[in-house]
Amino acid sequence: MPITRVGLVAKTGLDAAAGALAELAGWLEARDVHAVFETETATLAGLPPGRRTVSRDDLPSSCDLIVLLGGDGTFIGMADRIAESGADVPIVGVNFGSLGFLTEITLPELYQTLESVLSGTAQIDERMMLRSRTLRGGAVHADRLALNDVVITKGALSRIIDLAVAIGERPVMRVRADGLIIASPTGSTAYNLAAGGPILHPEVDALLLTPIAPHMLTNRPIVIPASSEVRVRPARKDSDEEVFLTIDGQSGHALQSDDEICITRAARPLRLVRASTRTYFDVLRQKLKWSER
């Protein structure tokens, strides 16, 4: 499908991106590609009043490609919006600052990357998304999509929490810990990595279950098939115990004692445009400082 509309979105308040946005819009228009500005981004770029803009929620359905300027947090927020919209629009993440795990394209690489996208030669990865449903009283209380992870944690003043984990109808483990991370391969380098979980290459078809600060030495991270349906139930003994579910670190809700959380692979992956100048392992080496003394 030819790309005729490119959505432009930047991290809120990223003044350093203002000049790059104006230059990018001109570059696109010179190639008969319409630049679709997200509303806050248009203000940041100093666009004159009267030009039509769209909200972040509506951007995925208003363009054929999204170019995002910012960091991994901004990227994740837009990725979740793309997934929730049902759009199949690829995204280019341009990092302002140090190289990101997701926003791995640098500003000097941007136009070369866009040329390859417009010509149909770009490298596009398909990244697994997660679907999380909270069932309450037999009905769906919340239904969300995530790129990185679904995290179940204790409240600020809670003691450790007790979670019963199953795959389908088969019990897997009882987790006594500060929480539990259910991560995708993309999310393996996020909270999962900080909690001691392994790194999974994005092409590995698997999910990760990683306890957070487990209080039993037998609770260890486990890698399971991506086709699995993970079911988690809070096993509370104290009615005052607070348990929360968080999606990609950006949204969530409190859980009740009879809730059940079901996590599966989402029906549609995220399409991520990769830099042609480096591999996934190059990104890991740069971010994690491998081989440095």
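Notes on the structure follow. (Residues numbered from 1 in each chain as written. Predicted model: local features only at pLDDT ≥ 70, side-chain atom pairs only at ≥ 80, totals over all residues. Heavy atoms only, no water.)

## Examining the sheet that holds strand 16 (residues 251–254)
Step number 1: A sheet is described by the order of its strands in space; here 6 strands give the open sequence 13-12-11-8-15-16, paired in antiparallel fashion. Bordering the open sheet on either side are strand 13 (222–225) and strand 16, each of which pairs with just one other strand. Each strand of the sheet is rotated relative to its neighbour by a mean of 15 degrees, with strand direction disregarded.
Step number 2: Sheet topology places strand 12 (residues 206–212) next to strand 13; 4 bridges connect them, and they run antiparallel. Across the sheet, residue Leu 209 finds its bridge partner in strand 13, namely Ile 222. (Pairing = 2+ DSSP bridges. Helix = DSSP H or I, 4+ residues; strand = E, 2+ residues; numbered from the N terminus. Axes fitted to C-alpha atoms, helices over the stretch in contact; angles between N-to-C directions.)

## Things to note about the nonpolar core
Proteins that are soluble and globular tend to have nonpolar side chains buried together.
Step number 1: Counting 30 residues, the largest nonpolar core has Leu 8, Leu 21, Leu 65 and Val 67 as its most contacted members.
Step number 2: Residue assignment for this core shows that the elements contributing at least two residues are strand 1 (5–10), helix 1 (18–29), strand 2 (34–37), helix 2 (39–45), strand 3 (65–70), strand 4 (91–95) and helix 4 (110–119).
Step number 3: Broken down by element, the residue count for this core peaks at 6 residues, all from helix 1.
Step number 4: When neighbours within four sequence positions are excluded, Leu 8 is seen to be in contact with Leu 21, Leu 24, Ala 25, Leu 28, Ala 35, Val 36, Phe 37, Glu 38, Thr 41, Leu 59 and Val 67. (Core = buried A, V, L, I, M, F, W, Y, C linked by side-chain atoms within 4.5 Å. Buried < 20%, exposed > 50% of the residue type's maximum accessible area, 1.4 Å probe, protein only. Contact = heavy atoms within 4.5 Å.)

## Points about the packing of helix 1 against helix 4
Step number 1: Where helix 1 contacts helix 4, the axes come no closer than 12 Å and their chain directions differ by 30 degrees. By the criterion of interaxial angle, the relationship of helix 1 to helix 4 is roughly parallel. Considering the relative orientation of helix 1 and helix 4, their crossing is right-handed. When helix 1 is examined against helix 4, the residues Ala 20, Glu 23, Leu 24 and Trp 27 are found in contact with a partner set consisting of Leu 110, Tyr 111, Leu 114, Glu 115 and Leu 118. (Parallel < 35°, antiparallel > 145°, perpendicular 65-115°, else oblique. Left-handed = near helix turned anticlockwise from the far one by under 90°.)

## Re the pattern of salt bridges
Step number 1: Counted under the stated rule, the structure contains 23 salt bridges.
Step number 2: Put simply, Arg 265 and Asp 205 hold a salt bridge, and the shortest N to O gap is 2.5 Å. Of the two residues, Arg 265 sits in strand 17 (residues 260–265) while Asp 205 sits in the loop between helix 5 (191–194) and strand 12, which places them 60 residues apart along the sequence.
Step number 3: Take Arg 265: its relative accessible area is 36%, and that puts it in the partly exposed class.
Step number 4: With its nearest N and O atoms 2.2 Å apart, the salt bridge here joins Asp 282 to Arg 285. (Salt bridge = Lys/Arg side-chain N within 4 Å of Asp/Glu carboxyl O.)

## Description of the environment of Leu 163
Step number 1: Structurally, the position occupied by Leu 163 is in strand 9 (residues 161–167).
Step number 2: Among the residues examined, Leu 163 registers a relative accessible area of 1% and is labelled buried.
Step number 3: Spatially, the C-alpha atom of Leu 163 lies 31 Å from that of Leu 288, the residues being 125 residues apart in sequence.

## Describing the side chain of Arg 56
Step number 1: Tracing the backbone shows Arg 56 in the loop between helix 2 and strand 3.
Step number 2: Among the polar contacts listed, one links the side chain of Arg 56 to the side chain of Glu 38, at a separation of 3.3 Å.
Step number 3: The contact partners of Arg 56, leaving out residues within four places of it in the chain, are Val 9, Ala 10, Lys 11, Thr 12, Glu 38, Glu 40, Thr 41, Thr 74, Met 78 and Arg 81. (Polar contact = N/O pair within 3.5 Å; in protein donor to acceptor, adjacent residues only side chain to side chain.)

## So, helix 1
Step number 1: Helix length check: helix 1, at 12 residues, gives a terminal C-alpha distance of 17 Å against a target of 16 Å (1.5 Å per residue), a fit within 8%.
Step number 2: For helix 1, every residue scored as buried is listed here: Ala 20, Leu 21, Leu 24, Ala 25, Trp 27 and Leu 28. Down the axis, helix 1 shows its buried residues gathered within 160 degrees of arc, on one side only.
Step number 3: Buried residues belonging to helix 1 abut strand 1, strand 2, helix 2, strand 3 and helix 4. (Expected span 1.5 Å × (residues − 1). Arc of directions from axis to C-beta.)

## Quick look at the packing of aromatic side chains
Step number 1: Summed over the entire model, instances satisfying the criterion amount to 2 aromatic pairs.
Step number 2: Ring centres of Trp 27 and Tyr 111 lie 5.2 Å apart, and the angle between their planes is 45 degrees; this geometry places the pair in the tilted category. A residue pair is termed long-range when its members are at least 10 positions apart, and Trp 27 in helix 1 and Tyr 111 in helix 4 qualify at 84 residues.
Step number 3: Ring geometry for Tyr 280 versus Phe 281: centroids 5.9 Å apart, planes at 70 degrees, classification edge-to-face.
Step number 4: Judged by relative accessible area, which is 10%, Tyr 280 ranks as buried. (Phe/Tyr/Trp six-rings, centres within 6.5 Å; stacked < 30°, edge-to-face > 60°.)

## With respect to the pairing of strand 17
Step number 1: Relative to strand 17, strand 6 (residues 130–136) runs antiparallel, the two sharing 6 bridges. In the sheet register, Leu 135 faces strand 17, and the bridge partner there is Glu 260.

## Focus: the side chain of Asp 259
Step number 1: Within the secondary structure, Asp 259 sits in the loop between strand 16 and strand 17.
Step number 2: Overall, the relative accessible area of 0% leaves Asp 259 in the buried class.
Step number 3: A distance of 2.7 Å separates a polar atom in the side chain of Asp 259 from a polar atom in the side chain of Arg 136.
Step number 4: Among residues more than four places away in sequence, those in contact with Asp 259 are Thr 134, Leu 135, Arg 136, Val 232, Arg 233, Pro 234 and Ala 254.

## Structural notes on the sheet that holds strand 10 (residues 170–177)
Step number 1: Read across the sheet, 6 strands follow the order 7-6-17-14-9-10 without closing on themselves; strand pairing throughout is antiparallel. The sheet terminates laterally at strand 7 (139–146) and strand 10, the two strands that pair on one side only. When the angles between neighbouring strand axes are averaged without regard to direction, this sheet yields 20 degrees.

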